[in-house]
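Descriptive structure summary
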Amino acid sequence: MGNAMCIGLDCDDGQFGDRHPESPPPVVSREHNGNHGSRRTKKKRGTRPSRPLSSPDMSNKKANTSLWRVGSKVFRKGSTDPVRASTYTHVHDAVIYNFQNVDNDKDGRPLGVVGLRNLGNTCFLNSSLQCLSNTIPLTDYFLGYDYVKEINKENFLGTKGELVTSYGSLMKQVWLGTRDVVEPASFKSKLARFAPQFHGCHQHDAQELISFLLDGIHEDLNRVRNRPYIEDRDCDGTNDEADAMEAWKNYLRRNKSLVVDLFQGQLRNTCVCLTCGHCNIRFEPFMYLSLPVTDSCISLNDCLDLYLQKDKLTGENQWYCEKCKEHRDATKKIDLWILPPILIFHLKRFKYDEYGKMGSKTSAVIEYPLEDWDLSSSICSKVGDKGSNYDLYAVSNHIGGLGSG
(Lines give C-alpha, C1' and ligand atoms only; values in the text may rest on other atoms or scores of the structure.)
Protein backbone atom coordinates (compact mmCIF):
# COMPACT_ATOMS: atom_id res chain seq x y z
CA MET A 1 0.00 0.00 0.00
CA GLY A 2 2.98 2.34 0.12
CA ASN A 3 2.92 4.98 2.80
CA ALA A 4 -0.05 4.96 5.12
CA MET A 5 -2.68 7.52 6.02
CA CYS A 6 -3.84 9.03 9.27
CA ILE A 7 -7.10 10.03 10.92
CA GLY A 8 -6.94 12.72 13.58
CA LEU A 9 -9.73 12.75 16.16
CA ASP A 10 -9.52 16.10 17.92
CA CYS A 11 -12.46 15.54 20.24
CA ASP A 12 -13.38 13.56 23.32
CA ASP A 13 -16.98 14.73 23.28
CA GLY A 14 -17.28 14.67 19.51
CA GLN A 15 -21.01 15.25 19.30
CA PHE A 16 -20.23 18.81 18.21
CA GLY A 17 -17.70 17.71 15.62
CA ASP A 18 -19.90 17.97 12.51
CA ARG A 19 -18.31 19.74 9.57
CA HIS A 20 -19.50 23.32 9.02
CA PRO A 21 -21.46 23.58 5.74
CA GLU A 22 -19.11 26.26 4.44
CA SER A 23 -15.92 24.42 5.29
CA PRO A 24 -14.17 22.15 2.78
CA PRO A 25 -14.90 18.40 2.79
CA PRO A 26 -12.45 15.95 4.35
CA VAL A 27 -9.36 15.64 2.15
CA VAL A 28 -8.25 12.29 0.80
CA SER A 29 -4.49 12.38 0.51
CA ARG A 30 -2.50 10.95 -2.34
CA GLU A 31 -0.12 8.26 -1.25
CA HIS A 32 3.47 8.82 -2.23
CA ASN A 33 3.39 6.01 -4.79
CA GLY A 34 0.62 7.86 -6.64
CA ASN A 35 -1.81 4.94 -6.67
CA HIS A 36 -4.62 6.36 -4.57
CA GLY A 37 -5.82 9.92 -4.56
CA SER A 38 -8.92 12.05 -4.79
CA ARG A 39 -11.66 10.44 -6.83
CA ARG A 40 -12.26 13.41 -9.09
CA THR A 41 -12.49 11.23 -12.17
CA LYS A 42 -14.32 12.06 -15.37
CA LYS A 43 -17.65 10.26 -15.75
CA LYS A 44 -19.61 9.14 -18.74
CA ARG A 45 -23.28 10.02 -18.77
CA GLY A 46 -26.14 7.67 -19.47
CA THR A 47 -24.20 4.41 -19.11
CA ARG A 48 -24.20 1.64 -16.56
CA PRO A 49 -21.18 -0.13 -15.16
CA SER A 50 -20.16 -3.00 -17.44
CA ARG A 51 -19.91 -5.30 -14.43
CA PRO A 52 -21.39 -5.14 -10.91
CA LEU A 53 -19.37 -3.26 -8.33
CA SER A 54 -19.51 -6.32 -6.12
CA SER A 55 -17.83 -8.40 -8.82
CA PRO A 56 -14.60 -6.72 -9.98
CA ASP A 57 -12.52 -8.24 -12.76
CA MET A 58 -10.29 -10.85 -11.18
CA SER A 59 -8.72 -12.19 -14.37
CA ASN A 60 -5.24 -11.63 -12.96
CA LYS A 61 -4.72 -14.77 -10.90
CA LYS A 62 -1.83 -13.27 -8.98
CA ALA A 63 -4.12 -10.50 -7.75
CA ASN A 64 -6.96 -12.87 -6.89
CA THR A 65 -5.75 -13.74 -3.41
CA SER A 66 -7.30 -13.34 0.02
CA LEU A 67 -7.99 -9.70 0.84
CA TRP A 68 -7.30 -10.33 4.51
CA ARG A 69 -3.60 -10.01 3.79
CA VAL A 70 -3.95 -6.34 2.92
CA GLY A 71 -1.65 -4.43 5.21
CA SER A 72 -1.33 -7.18 7.83
CA LYS A 73 1.99 -8.33 9.17
CA VAL A 74 2.95 -11.85 8.17
CA PHE A 75 6.19 -13.64 8.91
CA ARG A 76 8.39 -15.91 6.87
CA LYS A 77 8.95 -19.30 8.41
CA GLY A 78 12.04 -19.27 10.58
CA SER A 79 12.39 -15.48 10.48
CA THR A 80 11.41 -12.69 12.85
CA ASP A 81 11.37 -10.13 10.03
CA PRO A 82 7.76 -9.08 9.35
CA VAL A 83 6.63 -8.63 5.76
CA ARG A 84 3.67 -6.51 4.73
CA ALA A 85 1.61 -8.38 2.15
CA SER A 86 -0.73 -6.39 -0.11
CA THR A 87 -3.40 -7.48 -2.56
CA TYR A 88 -5.31 -4.22 -2.38
CA THR A 89 -4.47 -2.79 -5.82
CA HIS A 90 -6.89 -4.94 -7.83
CA VAL A 91 -9.84 -3.90 -5.63
CA HIS A 92 -8.97 -0.21 -5.91
CA ASP A 93 -8.55 -0.50 -9.70
CA ALA A 94 -11.95 -2.17 -10.02
CA VAL A 95 -13.63 0.64 -8.09
CA ILE A 96 -11.95 3.36 -10.15
CA TYR A 97 -12.94 1.53 -13.35
CA ASN A 98 -16.57 1.46 -12.32
CA PHE A 99 -16.53 5.09 -11.16
CA GLN A 100 -15.80 6.10 -14.73
CA ASN A 101 -19.20 4.76 -15.71
CA VAL A 102 -21.23 6.38 -12.93
CA ASP A 103 -23.25 9.51 -13.65
CA ASN A 104 -22.17 12.59 -11.74
CA ASP A 105 -24.61 15.20 -10.47
CA LYS A 106 -25.42 18.11 -12.75
CA ASP A 107 -23.61 20.53 -10.47
CA GLY A 108 -20.34 18.68 -11.01
CA ARG A 109 -20.10 17.59 -7.39
CA PRO A 110 -17.28 15.05 -6.96
CA LEU A 111 -18.23 11.53 -5.97
CA GLY A 112 -18.46 11.01 -2.22
CA VAL A 113 -19.03 14.68 -1.36
CA VAL A 114 -22.41 14.09 0.26
CA GLY A 115 -23.96 15.52 3.42
CA LEU A 116 -25.37 13.37 6.22
CA ARG A 117 -28.62 14.50 7.81
CA ASN A 118 -28.56 15.22 11.53
CA LEU A 119 -30.92 12.90 13.45
CA GLY A 120 -30.99 15.05 16.57
CA ASN A 121 -27.72 15.49 18.42
CA THR A 122 -25.95 13.10 16.07
CA CYS A 123 -23.25 15.28 14.53
CA PHE A 124 -20.74 13.04 16.38
CA LEU A 125 -22.04 10.22 14.17
CA ASN A 126 -22.00 12.21 10.93
CA SER A 127 -18.52 13.58 11.53
CA SER A 128 -17.16 10.08 12.21
CA LEU A 129 -18.87 8.58 9.18
CA GLN A 130 -17.40 11.29 6.95
CA CYS A 131 -13.93 10.35 8.19
CA LEU A 132 -14.50 6.64 7.54
CA SER A 133 -16.17 7.30 4.19
CA ASN A 134 -13.01 9.05 3.02
CA THR A 135 -10.84 6.17 4.18
CA ILE A 136 -10.32 4.96 0.63
CA PRO A 137 -9.14 1.35 1.26
CA LEU A 138 -12.10 0.76 3.59
CA THR A 139 -14.64 2.28 1.19
CA ASP A 140 -13.11 0.45 -1.78
CA TYR A 141 -13.72 -2.79 0.08
CA PHE A 142 -17.45 -2.12 0.29
CA LEU A 143 -17.75 -0.77 -3.25
CA GLY A 144 -15.49 -3.14 -5.16
CA TYR A 145 -15.34 -6.42 -3.28
CA ASP A 146 -17.87 -9.15 -2.58
CA TYR A 147 -17.64 -8.68 1.19
CA VAL A 148 -20.90 -10.56 1.79
CA LYS A 149 -19.10 -13.88 1.41
CA GLU A 150 -16.82 -12.92 4.31
CA ILE A 151 -19.64 -12.24 6.77
CA ASN A 152 -19.33 -14.41 9.87
CA LYS A 153 -22.91 -15.19 10.90
CA GLU A 154 -21.79 -17.63 13.61
CA ASN A 155 -19.84 -15.05 15.60
CA PHE A 156 -21.87 -14.27 18.74
CA LEU A 157 -19.80 -11.11 19.25
CA GLY A 158 -21.10 -9.64 15.99
CA THR A 159 -24.52 -8.88 14.50
CA LYS A 160 -24.69 -11.79 12.04
CA GLY A 161 -23.81 -9.33 9.29
CA GLU A 162 -26.57 -6.78 9.92
CA LEU A 163 -24.22 -3.94 10.90
CA VAL A 164 -21.66 -4.46 8.17
CA THR A 165 -24.36 -4.88 5.52
CA SER A 166 -26.03 -1.65 6.63
CA TYR A 167 -22.70 0.19 6.60
CA GLY A 168 -21.93 -1.11 3.11
CA SER A 169 -25.34 0.04 1.92
CA LEU A 170 -24.74 3.50 3.39
CA MET A 171 -21.38 3.81 1.62
CA LYS A 172 -23.02 2.93 -1.70
CA GLN A 173 -25.62 5.65 -1.12
CA VAL A 174 -22.85 8.15 -0.40
CA TRP A 175 -20.56 7.25 -3.29
CA LEU A 176 -22.91 5.86 -5.94
CA GLY A 177 -26.20 7.62 -5.17
CA THR A 178 -27.59 10.82 -6.65
CA ARG A 179 -28.63 12.67 -3.49
CA ASP A 180 -26.80 15.64 -2.02
CA VAL A 181 -27.82 14.59 1.51
CA VAL A 182 -28.23 11.05 2.88
CA GLU A 183 -30.12 10.15 6.05
CA PRO A 184 -28.24 7.45 8.02
CA ALA A 185 -31.27 6.46 10.13
CA SER A 186 -31.32 2.80 9.08
CA PHE A 187 -27.60 2.43 9.71
CA LYS A 188 -27.89 4.10 13.12
CA SER A 189 -30.64 1.65 14.08
CA LYS A 190 -28.40 -1.32 13.25
CA LEU A 191 -25.50 0.25 15.13
CA ALA A 192 -27.67 0.73 18.24
CA ARG A 193 -28.55 -2.98 18.22
CA PHE A 194 -24.83 -3.75 18.46
CA ALA A 195 -24.03 -0.91 20.88
CA PRO A 196 -27.24 0.03 22.78
CA GLN A 197 -25.75 3.23 24.20
CA PHE A 198 -26.27 4.79 20.76
CA HIS A 199 -30.05 4.40 20.92
CA GLY A 200 -31.95 7.64 20.64
CA CYS A 201 -30.63 11.03 19.57
CA HIS A 202 -28.36 11.87 22.48
CA GLN A 203 -24.88 13.32 22.39
CA HIS A 204 -21.98 10.87 22.40
CA ASP A 205 -18.24 10.65 21.97
CA ALA A 206 -16.96 10.55 18.38
CA GLN A 207 -13.95 8.42 19.30
CA GLU A 208 -16.20 5.96 21.15
CA LEU A 209 -18.46 5.76 18.10
CA ILE A 210 -15.62 4.95 15.72
CA SER A 211 -14.20 2.40 18.15
CA PHE A 212 -17.52 0.53 18.52
CA LEU A 213 -18.28 0.75 14.80
CA LEU A 214 -14.92 -0.63 13.66
CA ASP A 215 -15.13 -3.34 16.31
CA GLY A 216 -18.59 -4.31 15.08
CA ILE A 217 -17.44 -4.40 11.46
CA HIS A 218 -14.48 -6.53 12.51
CA GLU A 219 -16.66 -9.06 14.35
CA ASP A 220 -19.07 -9.31 11.41
CA LEU A 221 -16.18 -9.91 9.00
CA ASN A 222 -13.90 -12.00 11.23
CA ARG A 223 -12.64 -14.82 9.05
CA VAL A 224 -11.82 -16.97 12.09
CA ARG A 225 -14.83 -19.22 12.63
CA ASN A 226 -13.47 -21.20 15.56
CA ARG A 227 -11.34 -19.13 17.90
CA PRO A 228 -8.79 -21.15 19.86
CA TYR A 229 -8.18 -20.30 23.50
CA ILE A 230 -4.77 -18.65 23.83
CA GLU A 231 -3.42 -17.35 27.12
CA ASP A 232 -1.58 -14.05 27.16
CA ARG A 233 2.08 -14.72 27.76
CA ASP A 234 4.23 -12.52 29.99
CA CYS A 235 7.69 -11.80 28.63
CA ASP A 236 10.89 -10.63 30.32
CA GLY A 237 12.56 -8.51 27.62
CA THR A 238 15.27 -11.00 26.69
CA ASN A 239 13.86 -11.77 23.22
CA ASP A 240 11.43 -9.00 22.30
CA GLU A 241 11.45 -9.50 18.53
CA ALA A 242 10.50 -13.18 18.71
CA ASP A 243 8.02 -12.56 21.55
CA ALA A 244 6.31 -9.79 19.57
CA MET A 245 6.10 -12.00 16.50
CA GLU A 246 4.56 -14.83 18.52
CA ALA A 247 2.04 -12.47 20.14
CA TRP A 248 0.97 -11.08 16.74
CA LYS A 249 0.64 -14.57 15.27
CA ASN A 250 -1.52 -15.64 18.22
CA TYR A 251 -3.69 -12.55 17.78
CA LEU A 252 -4.24 -13.38 14.10
CA ARG A 253 -5.26 -16.90 15.08
CA ARG A 254 -8.33 -15.32 16.67
CA ASN A 255 -8.81 -12.13 14.65
CA LYS A 256 -8.59 -11.74 10.87
CA SER A 257 -10.54 -9.04 9.06
CA LEU A 258 -10.11 -5.94 6.97
CA VAL A 259 -10.26 -3.88 10.17
CA VAL A 260 -7.24 -5.74 11.55
CA ASP A 261 -5.42 -5.33 8.25
CA LEU A 262 -5.96 -1.59 7.99
CA PHE A 263 -6.32 -0.15 11.49
CA GLN A 264 -4.58 -2.36 14.03
CA GLY A 265 -0.99 -2.34 15.22
CA GLN A 266 0.99 -3.57 18.20
CA LEU A 267 2.30 -1.96 21.41
CA ARG A 268 4.92 -3.09 23.90
CA ASN A 269 3.75 -2.61 27.49
CA THR A 270 6.57 -2.78 30.07
CA CYS A 271 6.10 -2.75 33.85
CA VAL A 272 9.05 -2.84 36.29
CA CYS A 273 8.73 -3.34 40.05
CA LEU A 274 10.60 -0.65 41.98
CA THR A 275 11.13 -3.02 44.92
CA CYS A 276 12.60 -6.17 43.37
CA GLY A 277 13.22 -5.06 39.79
CA HIS A 278 10.97 -7.71 38.28
CA CYS A 279 10.18 -6.85 34.64
CA ASN A 280 6.96 -7.85 32.89
CA ILE A 281 6.40 -7.21 29.18
CA ARG A 282 3.29 -7.81 27.10
CA PHE A 283 2.77 -7.18 23.41
CA GLU A 284 -0.77 -5.95 22.84
CA PRO A 285 -2.82 -4.99 19.76
CA PHE A 286 -4.31 -1.51 19.39
CA MET A 287 -6.73 0.21 17.00
CA TYR A 288 -6.19 3.82 18.03
CA LEU A 289 -3.88 5.86 20.24
CA SER A 290 -5.42 8.14 22.89
CA LEU A 291 -2.88 10.91 23.36
CA PRO A 292 -2.87 13.21 26.40
CA VAL A 293 -3.05 16.96 25.78
CA THR A 294 -1.73 19.58 28.20
CA ASP A 295 -1.52 23.36 27.93
CA SER A 296 2.20 22.99 27.27
CA CYS A 297 1.64 20.81 24.18
CA ILE A 298 2.31 22.59 20.90
CA SER A 299 2.50 19.81 18.33
CA LEU A 300 1.20 16.29 17.79
CA ASN A 301 4.73 15.10 18.48
CA ASP A 302 4.49 16.66 21.94
CA CYS A 303 1.30 14.71 22.63
CA LEU A 304 2.88 11.49 21.35
CA ASP A 305 5.95 12.04 23.55
CA LEU A 306 3.67 12.40 26.59
CA TYR A 307 1.92 9.16 25.67
CA LEU A 308 5.23 7.31 25.33
CA GLN A 309 6.92 8.66 28.45
CA LYS A 310 7.54 6.43 31.47
CA ASP A 311 4.88 6.69 34.19
CA LYS A 312 5.18 5.84 37.87
CA LEU A 313 2.44 3.68 39.41
CA THR A 314 1.91 4.52 43.06
CA GLY A 315 -0.88 4.68 45.64
CA GLU A 316 -4.13 3.30 44.32
CA ASN A 317 -2.43 2.66 40.97
CA GLN A 318 0.23 0.31 42.36
CA TRP A 319 1.12 -2.66 40.17
CA TYR A 320 0.79 -6.26 41.38
CA CYS A 321 4.24 -7.82 41.20
CA GLU A 322 4.19 -11.56 40.51
CA LYS A 323 7.59 -11.96 42.16
CA CYS A 324 6.80 -9.99 45.33
CA LYS A 325 3.25 -11.39 45.40
CA GLU A 326 1.80 -8.03 46.39
CA HIS A 327 1.10 -4.58 45.02
CA ARG A 328 4.20 -2.46 44.62
CA ASP A 329 5.25 0.91 43.26
CA ALA A 330 6.32 0.38 39.68
CA THR A 331 7.09 2.09 36.39
CA LYS A 332 5.03 1.63 33.24
CA LYS A 333 6.22 2.36 29.72
CA ILE A 334 4.34 1.99 26.41
CA ASP A 335 6.28 1.70 23.16
CA LEU A 336 5.16 1.57 19.54
CA TRP A 337 6.09 -1.76 17.98
CA ILE A 338 4.01 -2.22 14.80
CA LEU A 339 2.09 0.66 13.20
CA PRO A 340 -0.96 -0.02 11.00
CA PRO A 341 -1.43 1.34 7.47
CA ILE A 342 -4.10 3.71 8.81
CA LEU A 343 -3.36 5.28 12.18
CA ILE A 344 -6.12 6.79 14.33
CA PHE A 345 -5.19 9.36 16.95
CA HIS A 346 -7.56 10.53 19.67
CA LEU A 347 -6.61 13.74 21.48
CA LYS A 348 -7.76 13.62 25.12
CA ARG A 349 -8.78 17.23 25.68
CA PHE A 350 -11.37 16.64 28.39
CA LYS A 351 -10.39 16.11 32.01
CA TYR A 352 -12.44 14.19 34.58
CA ASP A 353 -12.51 14.36 38.33
CA GLU A 354 -12.12 11.39 40.70
CA TYR A 355 -15.83 10.62 40.40
CA GLY A 356 -15.73 10.38 36.62
CA LYS A 357 -17.44 13.73 36.05
CA MET A 358 -16.17 15.89 33.23
CA GLY A 359 -14.45 18.92 34.71
CA SER A 360 -12.63 20.94 32.05
CA LYS A 361 -11.40 21.04 28.49
CA THR A 362 -7.85 21.79 27.40
CA SER A 363 -8.01 24.28 24.54
CA ALA A 364 -4.33 24.20 23.54
CA VAL A 365 -3.84 24.62 19.78
CA ILE A 366 -2.08 21.51 18.48
CA GLU A 367 -0.01 21.74 15.30
CA TYR A 368 0.12 18.66 13.11
CA PRO A 369 1.77 17.85 9.78
CA LEU A 370 -0.44 17.40 6.73
CA GLU A 371 2.02 15.22 4.86
CA ASP A 372 4.93 12.88 5.38
CA TRP A 373 4.86 12.61 9.18
CA ASP A 374 7.75 10.26 9.86
CA LEU A 375 7.20 8.03 12.90
CA SER A 376 10.03 5.59 12.22
CA SER A 377 12.12 6.97 15.09
CA SER A 378 9.26 6.20 17.52
CA ILE A 379 9.08 2.51 16.59
CA CYS A 380 11.10 0.35 18.97
CA SER A 381 11.14 -2.81 16.88
CA LYS A 382 14.52 -3.12 15.16
CA VAL A 383 13.28 -5.37 12.36
CA GLY A 384 9.81 -3.92 11.83
CA ASP A 385 8.47 -1.77 9.03
CA LYS A 386 10.42 1.50 9.14
CA GLY A 387 8.53 3.09 6.23
CA SER A 388 6.08 4.70 8.62
CA ASN A 389 5.32 8.06 7.00
CA TYR A 390 1.75 9.29 7.38
CA ASP A 391 -0.40 11.82 5.53
CA LEU A 392 -3.36 13.41 7.28
CA TYR A 393 -6.65 13.00 5.39
CA ALA A 394 -9.48 13.38 7.94
CA VAL A 395 -10.15 15.24 11.18
CA SER A 396 -13.17 15.14 13.49
CA ASN A 397 -12.87 18.33 15.51
CA HIS A 398 -14.86 19.56 18.51
CA ILE A 399 -15.11 23.36 18.61
CA GLY A 400 -16.57 24.77 21.81
CA GLY A 401 -16.66 24.22 25.54
CA LEU A 402 -18.12 21.61 27.88
CA GLY A 403 -21.80 22.52 27.33
CA SER A 404 -21.96 23.55 23.69
CA GLY A 405 -20.01 23.86 20.49
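Please read these numbers as outputs of a predicted model, since none were measured by experiment. Going along each chain's sequence as written, the residues are numbered from 1 onward. Totals for whole chains, interfaces and linings use every residue, but because this is a predicted model, local features are given only for residues with pLDDT of at least 70 and side-chain atom pairs only at 80 or more, for both listing and counting. Water and hydrogen atoms were dropped before computing side-chain values, which therefore reflect all heavy atoms in the structure.

1. Structural notes on the overall build of the chain
As a reminder of what qualifies: Going along the chain from the N terminus, every DSSP run of H or I of four or more residues is numbered as a helix, and every run of E of two or more is numbered as a strand. Buried residues are those whose accessible area, probed at 1.4 Å on protein chains only, stays under 20% of the maximum for their type, while exposed residues exceed 50% and partly exposed ones sit between those limits. Residue exposure ignores everything except the shown protein chains as possible cover, and the areas themselves are Shrake-Rupley values with a 1.4 Å probe.
Within the chain one finds 9 helices and 17 strands. Counting across all 405 residues of the chain, residues that qualify as buried make up 52%. A total accessible area of about 19500 Å² is found for the chain, and carbon and sulfur atoms account for 48% of it.

2. Topic: the packing of aromatic side chains
Note the threshold: The aromatic pairing rule takes the rings of Phe, Tyr and Trp, using the six-membered ring of Trp, and pairs them if the centres are within 6.5 Å, calling planes under 30 degrees apart stacked, those over 60 edge-to-face and the rest tilted.
One pass over the full model with this rule turns up 10 aromatic pairs. When the ring of F142 is compared with that of Y167, the centres are 5.2 Å apart and the planes differ by 70°; the resulting orientation is edge-to-face. In this pair, F142 is assigned in helix α3 (residues 136-144) and Y167 in helix α4 (residues 162-176), connecting sequence segments 25 residues apart. Under the relative-accessibility criterion, Y167 is labelled buried at 0%.

3. Focus on the pattern of salt bridges
Applied cut-off: Salt bridges, as used here, are contacts in which a Lys or Arg side-chain nitrogen is within 4 Å of a carboxyl oxygen on Asp or Glu.
A full pass over the atoms with the stated rule returns 13 salt bridges. Salt-bridge contacts for K190 lead to E162; the nearest nitrogen and oxygen are separated by 3.8 Å. A residue pair is termed long-range when its members are at least 10 positions apart, and K190 in helix α5 (residues 185-194) and E162 in helix α4 qualify at 28 residues. Note that R328 and E326 form a salt bridge whose closest N and O atoms lie 3.4 Å from each other. Overlapping salt bridges, with partners in common, bring together D240, R268, K333 and D335 in one network.

4. Considering the packing of α3 against α4
Rules: Only C-alpha atoms enter the line fits that serve as axes; for helices the fit covers just the stretch in contact. Angles between N-to-C directions range over 0 to 180 degrees. Reported orientations rely on four angle classes, namely roughly parallel under 35 degrees, roughly antiparallel over 145, roughly perpendicular from 65 to 115, and oblique for the rest. Any two residues having at least one pair of non-hydrogen atoms within 4.5 Å are treated as being in contact. Basically, the charged four are Asp, Glu, Lys and Arg, the nonpolar ten are Ala, Val, Leu, Ile, Met, Phe, Trp, Tyr, Cys and Pro, and anything else, Gly included, counts as polar.
α4 packs onto α3 with a crossing angle of 100° between their chain directions and a minimal axis gap of 9 Å. Regarding the angle of α3 to α4, the classification is roughly perpendicular. Here α3 contributes I136, L138, T139, F142 and L143 to the contact with α4, which in turn contributes V164, Y167, G168, M171, K172, W175 and L176. Here the contact of α3 with α4 is built from residues that sort into 9 nonpolar, 2 polar and 1 charged.

5. Let's talk about unusual backbone geometry
Trans is the common state for peptide bonds, and a negative phi is the common state for residues other than glycine. Despite not being glycine, K325 has its phi angle at roughly 65°, a positive value. In this fold, K325 is placed in the loop between β10 (319-321) and β11 (326-328). Although it is not a glycine, D372 adopts a positive phi angle of roughly 55°. Among the secondary structure elements, D372 is positioned in the loop between β15 (358-361) and β16 (373-374). D372 gets classed as partly exposed once you look at its relative accessible area, which sits at 42%.

Purely geometric numbers; function is a separate question.
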